[in-house]
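The residues making up each chain are set out below.
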Amino acid sequence: MNPEGAPFPLDLPEVLRTRPLTVGEVTPGRLDDHILAFPARVPPRKWFIALACTASLMTLGLALVGYTFYMGIGVWGNNSPVFWAFGIINFVFWIGIGHAGTLISAILFLFRKRWRNAISRFAEAMTIFAVMVAGMFPLIHVGRPWLAYWLFPYPNQRGIWPNFRSPLLWDVFAVSTYFSVSLLFWYLGLLPDLASLRERTGRGVRKFAYTILSCGWTGATSHWRHYEKAYVLLAGLATGLVLSVHSVVSFDFASSIVPGWHMTIFPPYFVVGAIFAGFAIVLMSLIVARETMDLKHLITDFHLEVMNKVILGMSCLMGYAYVAEGFTAWYSMNPFIQHTFLQYVWGHYGWSGCLTITCNVLLPQLMWFRKCRRSYPWMFLVAIAVTVGMWMERFVIIVVSLHHDYLPSAWHNYRPTLVDLGILAGSFGIFFTLVLLFARLLPMIATSEMKADLPGAQPRHGAIHE
Amino acid sequence: MSETFAVLGLFDNAEALVKAVPGLKALRLGRLEAYTPYPVHGLDDLLGRRRSPLAGMVLVMGILGALTALGFQLWVAAVDYPLVTGGKAPTSWQAFVPIMFEVTVLFASFTAGLGMLHLLNRLPFFGHPVLQSKAIRGITRDRFALALEADEGGAGFDPAAAQAALETAGALEIEWLPAPAREPFLTAVFIQRSLAGIAVACLVSGLIMYGSVQMMPVALPMRHMLDQPRVDPQQPSSFFKDGHSMQLPVAGTVARGFLPPGFTTPEEAGRLVNPLPRTPAVMARGRAAYQTHCVVCHDPLGTGLPSLSAAYGAKPANLHTDAIRGYPDGQIYGTIVLGKNAMPSYAADLSEDDRWAVVHYVRALQRAQNAKAEDFQ
């Protein structure tokens, strides 16, 4: 501070100044007119075509779920010894997809990464949809879904309680907490935008809905003060939560003695994998959204490049985790664990492990090149590879580990049925249907967060003293 | 004409608003509040708002969440429904940590979210005068408002002076906001309509429920799970030639613990002597076996008067009749093995030692129910 009490009038050189994260001139008013106008507009034809495709997939999936309810889990391929197959693979996969959203909205917020503002809303929405899809699978997989509420500890006439020392029960708590906290976080972030929408909308059902949902938000400074505090606290809590959720999911495996599952690397390995897969899906969806909704000046090439760097970093960590698994197998001197590890890349399902490594570790290395980080075809290739690879990784962990365990007389191969594959396709249908609806019903970009970060949005340091 | 609640001045950017604050604050014309489309750095300190107590609330509720989860899990797993897992002590708490963590986050997050919204900001509230103003459209978009608001009572607020002060401070537009008209909320008509609405909703949902139960048959979900390759009771086996699903033992062999009894009537068994000593351990074993197998018909005291038997019209023996008390030990043993009247054989359910232990226990029951004076000394 100089003697006058104002900060030094520091004139930073160009490279040290915080760069604007938008391209061209973006003003708060124009931002609103662009982003908040989407809900009021009739979507274009290509949106309806896309929705028709995803909704058909969703219908197929739900019909097959109905068929499963009618017939029983027997129509799936699960059987001894592979009792956990597609049901749990899809669960772990979709829960993982959600983690990218929380990483972007919470962890990057704590690290003050300003580029998250443009993509956080979209990623958070994908978190919620992914967790909804994920939650469906254990519910079906319990066998008697209409009794799934037995998982919750409530006083009952049977006089029994669930086993609190079981990782499967931890899962129930982790996933339900994750869903409710994510929903709360997302909704609170939406609140100022809903107030803007309320004021933009004339009469009608939408006005009524926005009025109710925005809770009478006025933007008073006394409200913003608590709001910002709540946001930072929620970001901190969600950070711990997101790390715990996939760790707890990994406990389902790691706390058992199945060869290939019983490893201490599992919790961090699962969390990294989750963020990895989630980033790939968010990236793909973002590319489509920015092209079709004319968002290139808000979600810039810089954003995509940073996301690709995250994907590259996670890919290297995945490579480390695979090596660590191999080391554990070798160092354990346990022939069964070593056998299982070899089965990952060698035996009947060897192709799945090789595909996993190719997609998750080898292909993302392309992202070392700046050209690939900035070109759609390469980005898309890597993102699709990561999505496939991460799904295959869970297949490897679950099916390959289970099909050969400590009892060779029980070894048996697994084959998914058409119902399994149809429900998997349907889960993508449900997810993308929800994403499409979201893109047209709610503001896709957190406008109040963007506005606060535009050049000139905040008073200059010391402005008050002039 | 209602009183004026506030005078609102609009600014075009955050900096102009921030610069206007200190001068207006010094005039003390009323409560100074700013309305902005996004949080403006430093504005809350400038307006002298108190620090948000949210962090403390979240900490307290987080700790409460952890203690709730720990206490509940301990109570369930160690007190109400002890379940030994992995040979751990019932009170081993380490496995409770994941759920403790989740519940902590759950409590803390909802305190942060709903505490901010409801407790601190008093939302949802749809009656705020600013929501009715012309300026709110701009406030939620790209304009910044400073308001001089009347204090709680509204006394001493001078709108004209406030307007002048805001104009001097550089406000581009000025708007007077009337105090919200307070209409009675719980009027008689409102209550009547609400009750009528609830009644209609109950009626309609009840009718829909009745109709759907009447029209739709009970559909058993996942019923094909019942189709399993197994032999159900009373069903012939197509695998074995003799049609039995459970095969008889190979001729001339005896399963361990299932030697032929060596008698054909309970009376014949009377000559057998109870080989077990009358120790507390044997008594406990007999009690356990009796309470598992015998109690449904013979009653905990052996009187033969339980409700289950009454429901089926059977008359189980009262073990305290002179005749049964006169039985030798072996005859009771024989009855357990062979059954009597409606009582089936319990040979398959009770091992030899269990049967003899039950005999001891029945003797103890008989003595307890027919105690003599010297038994009490």
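Everything numeric in this text was worked out from a predicted model, so none of it was measured.

## Description of the overall build of chain B
Looking only at helices and strands, chain B has 13 helices and 4 strands in total. The globule rule puts the C-alpha radius of gyration for 377 residues at 21 Å, and the 42 Å found for chain B is more than 25% above it. Counting only C-alpha atoms, chain B reaches 120 × 60 × 50 Å along its principal axes. Counting the 377 residues in chain B, one finds 31% classified as buried.

## Concerning the overall build of chain A
Per the secondary structure count, chain A includes 15 helices and 0 strands. Over its C-alpha atoms, taken along the principal directions, chain A stretches across nearly 85 × 50 × 50 Å. Split into buried and exposed, the 466 residues of chain A put 48% on the buried side. Counting only contacts in chain A whose residues sit at least 6 apart along the sequence, the fraction spanning at least 24 positions is 82%.

## Some details on the packing of helix α4 (residues 116–141) of chain A against helix α14 (residues 418–441) of chain A
Residues and elements named next belong to chain A. Following both chains from N to C, one finds α4 and α14 inclined at 150°, their axes separated by 10 Å at the closest point. Judged by the angle between their axes, α4 and α14 are roughly antiparallel. Between α4 and α14 lies a crossing whose hand is right-handed. Along its contact with α4, which presents A125, M126, F129, A130 and V133, the element α14 presents S427, I430, F431, L434, V435 and F438. Residues that form the contact of α4 with α14 fall into these classes: 10 nonpolar, 1 polar and no charged.

## Here we look at unusual backbone geometry
The peptide bond linking S80 of chain A to P81 of chain A adopts the cis configuration, its omega dihedral lying at 5°. Structurally, P81 of chain A can be placed in the loop between α2 (45–71) and α3 (86–110). In the segment running from L123 of chain B into P124 of chain B, the intervening peptide bond is cis, with an omega of 0°. Mapped onto the secondary structure, P124 of chain B falls in the loop between α4 (97–120) and α5 (136–139). Even without being a glycine, R28 of chain B presents a positive backbone phi close to 55°. Structurally, R28 of chain B can be placed in the loop between α1 (14–27) and β2 (31–35). Backbone geometry places D299 of chain B, a non-glycine residue, at a positive phi of 80°. Within the secondary structure layout, D299 of chain B lies in the loop between α9 (280–298) and α10 (307–312). You can call D299 of chain B partly exposed: it has 19 C-beta atoms within 10 Å.

## Some points on the sheet that holds strand β1 (residues 4–11) of chain B
Residue and element names in this part refer to chain B. What the 4 strands build is an open sheet, ordered β2-β3-β1-β4; its pairing is antiparallel. With one partner strand each, in any of the chains shown, β2 and β4 (173–178) form the two edges of the open sheet. In this sheet, neighbouring strand axes are inclined to one another by 25° on average, regardless of whether the strands run parallel or antiparallel. Relative to strand β3 (residues 144–149), β1 runs antiparallel, the two being bridged by 6 bridges.

## Some points on helix α3 (residues 54–80) of chain B
For α3 of chain B, with 27 residues, the first-to-last C-alpha span of 36 Å sits near the 39 Å given by 1.5 Å per residue. Among the residues making up α3 of chain B, those that are buried are L54, V58, M61, G62, G65, A66, A69, Q73 and A77 of chain B. Of the surrounding elements, those touching the buried residues of α3 of chain B are α7 (221–254) of chain A together with α4 of chain B.

## Observations concerning the packing of α4 of chain A against helix α8 (residues 266–292) of chain A
Residue and element names in this part refer to chain A. One way to put it is that α4 packs onto α8 with a least axis distance of 11 Å and a crossing angle of 125°. Our classification of the angle between α4 and α8 gives oblique. For α4 against α8, the interelement crossing comes out right-handed. Residue-level inspection shows I119, F122, A123 and M126 of α4 in contact with α8, the latter providing I281, V282, S285, L286 and A289. Taken together, the residues of the contact of α4 with α8 sort by class into 8 nonpolar, 1 polar and no charged.

## Topic: the domain arrangement of chain B
Split by domain assignment, chain B resolves into domain 1 (1–181) and domain 2 (266–370). Once you take the C-alpha centre of each, domain 1 of chain B and domain 2 of chain B turn out to be 74 Å apart.

## Considerations on the nonpolar core
Residues I95, M126, F276, F279 and V386 of chain A are the most contacted members of the largest nonpolar core, which totals 161 residues. Sort the elements by how many residues they give to this core and helix α5 (residues 167–200) of chain A lands first, with 16 residues. If near-sequence neighbours (up to four positions away) are discounted, F276 of chain A is found in contact with I311, M314, S315, M318, V386 and M390 of chain A. Within the second largest apolar cluster, 38 residues are counted, among which are V18, Y35, A147 and A171 of chain B.

## A look at the pairing of β1 of chain B
Residues and elements named next belong to chain B. Within β1, 8 of the 8 residues are buried, which leaves the element mostly enclosed by the surrounding structure. In the sheet, β1 pairs with β4 via 6 bridges, with the strands oriented antiparallel. Counted as the bridge partner of T4 is P178 from β4.

## Quick word on the confidence of the model for chain B
The pLDDT averaged across chain B works out to 88; a share of 95% of its residues lies at or above 70. This prediction of the complex comes with two scores: 0.82 for pTM and 0.93 for ipTM.

## Quick word on the interface of chain A and chain B
Taken together, the contacts link 61 residues of chain A with 65 residues of chain B. Elements with a contribution of two residues or more to the side of chain A that touches chain B: α1 (28–35), α2, α5, α7 and α15 (447–453) of chain A. Per-element accounting of the side of chain A that touches chain B gives the leading share, 17 residues, to α7 of chain A. Looking at the side of chain A that touches chain B residue by residue, the classes come out as 32 nonpolar, 20 polar and 9 charged.

## A closer look at the environment of A219 of chain B
Relative to the elements of secondary structure, A219 of chain B occurs in the loop between α7 (188–215) and α8 (266–269). Note on A219 of chain B: 8 C-beta atoms within 10 Å, which makes it exposed.

## Here we look at the confidence of the model for chain A
Residues at a pLDDT of 70 or more form 95% of chain A, whose mean pLDDT is 91. Every residue in residues 1–9 of chain A is under pLDDT 50, and counting partners more than four places away or in other chains gives 7 contacts.

Reading the values: rules and limits
- Residues numbered from 1 in each chain as written.
- Chains lettered and ligands numbered in written order.
- Predicted model: local features only at pLDDT ≥ 70, side-chain atom pairs only at ≥ 80, totals over all residues.
- Helix = DSSP H or I, 4+ residues; strand = E, 2+ residues; numbered from the N terminus.
- Rg over C-alpha atoms; globule rule 2.2 N^0.38 Å.
- Buried ≥ 20, exposed ≤ 12 C-beta atoms within 10 Å, placed from the backbone.
- Contact = placed C-beta atoms within 7 Å.
- Axes fitted to C-alpha atoms, helices over the stretch in contact; angles between N-to-C directions.
- Parallel < 35°, antiparallel > 145°, perpendicular 65-115°, else oblique.
- Left-handed = near helix turned anticlockwise from the far one by under 90°.
- Nonpolar A, V, L, I, M, F, W, Y, C, P; charged D, E, K, R; others polar.
- Pairing = 2+ DSSP bridges.
- Expected span 1.5 Å × (residues − 1).
- Domains from an automatic or database assignment.
- Core = buried A, V, L, I, M, F, W, Y, C linked by C-beta atoms within 7 Å.
- pLDDT = per-residue confidence, 0-100.

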